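Okay, here's what each chain looks like letter by letter:
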Amino acid sequence: MKNSCIIIGAGLSGLVAAHELVKNNWEVLVLDKGRGVGGRLATRRAAEAKFDHGAQYFSTKTPDFQSFAENLIQKQIAKEWQLQEGSANFRHARLIGIQGMSSIAKFLAEGLSIKLSEKVIHIEETNNGFSVKTEAGNSFEAKAIICTAPAPQAIELMTNSHLNFPEIAQLQQIKYHPCIAVMANLKEASNIPQPGGIAFENGPIAWIADNYQKGISPAYAITLHASPAFSSAHFDDDLMEVGKNLLKEVENLIPSDSIDSYQVHRWRYSLAYERLDENYLRAFTESPLIFAGDGFGIGSIEGAYLSGKSAAQDLIKT
Ligand SMILES: Cc1cc2nc3c(=O)[nH]c(=O)nc-3n(C[C@H](O)[C@H](O)[C@H](O)COP(=O)(O)OP(=O)(O)OC[C@H]3O[C@@H](n4cnc5c(N)ncnc54)[C@H](O)[C@@H]3O)c2cc1C
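Residues numbered from 1 in each chain as written. Predicted model: local features only at pLDDT ≥ 70, side-chain atom pairs only at ≥ 80, totals over all residues. Heavy atoms only, no water.

Under an unreviewed UniProt entry, the name given to the chain is Amine oxidase, and the organism recorded is Emticicia oligotrophica.

See the structure below:
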């Protein structure tokens, strides 16, 4: 009988783990609570406009991730975004999804067995692995689980499942910044200088990007990310009011009469600023239960990739 694994989360780490397992002849099912794949590799449409409202770009530090990135470039899924010093403090090449960041996840999802709108709410150990229940009322079984949900959500799932193993204390060390993201449809071009991305070191805004200049949106569209401090302080405020105030802060770049409409998204978990050093965490359950994602190793997109891959390799080895 084939080895089988349920992967919780169709973000980058889950998709990469799935590929690694499938390549090694495992039977894999990926479950995600969202309506699309990608998790925080997120791209949204509003009228003619398209916004990357989660991750904005990635760079490569390790040879392994570099060859993954080169493959994306070769397949015309990703390209370089020429952010230069001067417009912001960028030392390395920054890469983006040509059709938006979520297109990287869509590319990886091809050929995998993925079920969306399936929020895992309960996990039970069985004689032969695990049985997983979802909010939609479905059950799935597998010999192993890789859980890539952000650590606080993974802890909540384990607690609700009465899987109270000591490794949970380690997961509790992982911490994420929140992020309030504003997406504005513009009637005309913004005043953001080329190539369309500015990182701010101080103040309520951390980042602003012109999705039109970035090349992902056919219409004028900007994404603005509030700083971690501002996002924490205003996370539960009226979002449209928060969006209006943030847009006012950048009136020189986006004159208010150029704004056609805007929407606001709240990310409870954006960047993992406290992470575990290792690339994944294995629980000492009878059957393999592994935690992976950007809360491990170097974090961010590259960290998520390395974490998903090494979690799967650990499973294959054992
Ligand atoms: C606003 C913002 C800006 C960012 N900017 C950058 C950037 O510029 N560069 C960079 O490198 N990184 C950036 N990041 C971080 C980057 O997006 C993440 O590090 C990376 O995408 C994490 O991938 P992951 O697979 O670990 O997690 P995720 O993408 O979060 O995937 C986890 C998945 O698990 C699913 N899930 C959770 N719980 C359950 C459950 N119970 N049942 C089923 N499914 C579940 C979720 O729906 C999600 O799809 C940013 C993130 C945000 C939010």
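A. Inspection of the overall build of the chain at higher detail. When helices and strands are tallied, the chain shows 9 helices and 20 strands. Its C-alpha atoms give the chain a radius of gyration of 20 Å, near enough to 20 Å, the size a compact globule of 318 residues would have. Burial analysis of the chain (318 residues in total) assigns 53% to the buried set. Partitioning the intrachain contacts of the chain with sequence separation of at least 6 by distance along the chain shows that 67% fall at a separation of at least 24. Element-wise, carbon and sulfur atoms account for 46% of the exposed surface of the chain, whose accessible area totals about 14800 Å². Considering the chain, the positive charge centre built from 29 side chains and the negative charge centre built from 35 side chains are found 4 Å apart. (Helix = DSSP H or I, 4+ residues; strand = E, 2+ residues; numbered from the N terminus. Rg over C-alpha atoms; globule rule 2.2 N^0.38 Å. Buried < 20%, exposed > 50% of the residue type's maximum accessible area, 1.4 Å probe, protein only. Contact = heavy atoms within 4.5 Å. Areas by Shrake-Rupley, 256 points an atom, 1.4 Å probe, with all protein chains shown as cover. Lys, Arg positive; Asp, Glu negative; His and termini not counted. Charge placed at Lys NZ, Arg CZ, Asp CG, Glu CD.)

B. Main features of the sheet that holds strand 13 (residues 179–186). Here 5 strands make up an open sheet; going across it, the order is 14-15-16-13-17 and the pairing antiparallel. On the outer flanks of this sheet lie strand 14 (197–199) and strand 17 (259–267), each paired with one strand and no other. This sheet shows a mean twist of 15° between the axes of neighbouring strands, independent of strand direction. For strand 14 and strand 15 (residues 205–210), the ladder comprises 3 bridges, and the chain directions are antiparallel. Directly across from Gly197, in strand 15, lies its bridge partner Ala209. This element, helix 8 (residues 239–249), spans strand 13, strand 15, strand 16 (221–226) and strand 17 of the sheet and lies at about 115° to strand 17. (Pairing = 2+ DSSP bridges. Axes fitted to C-alpha atoms, helices over the stretch in contact; angles between N-to-C directions.)

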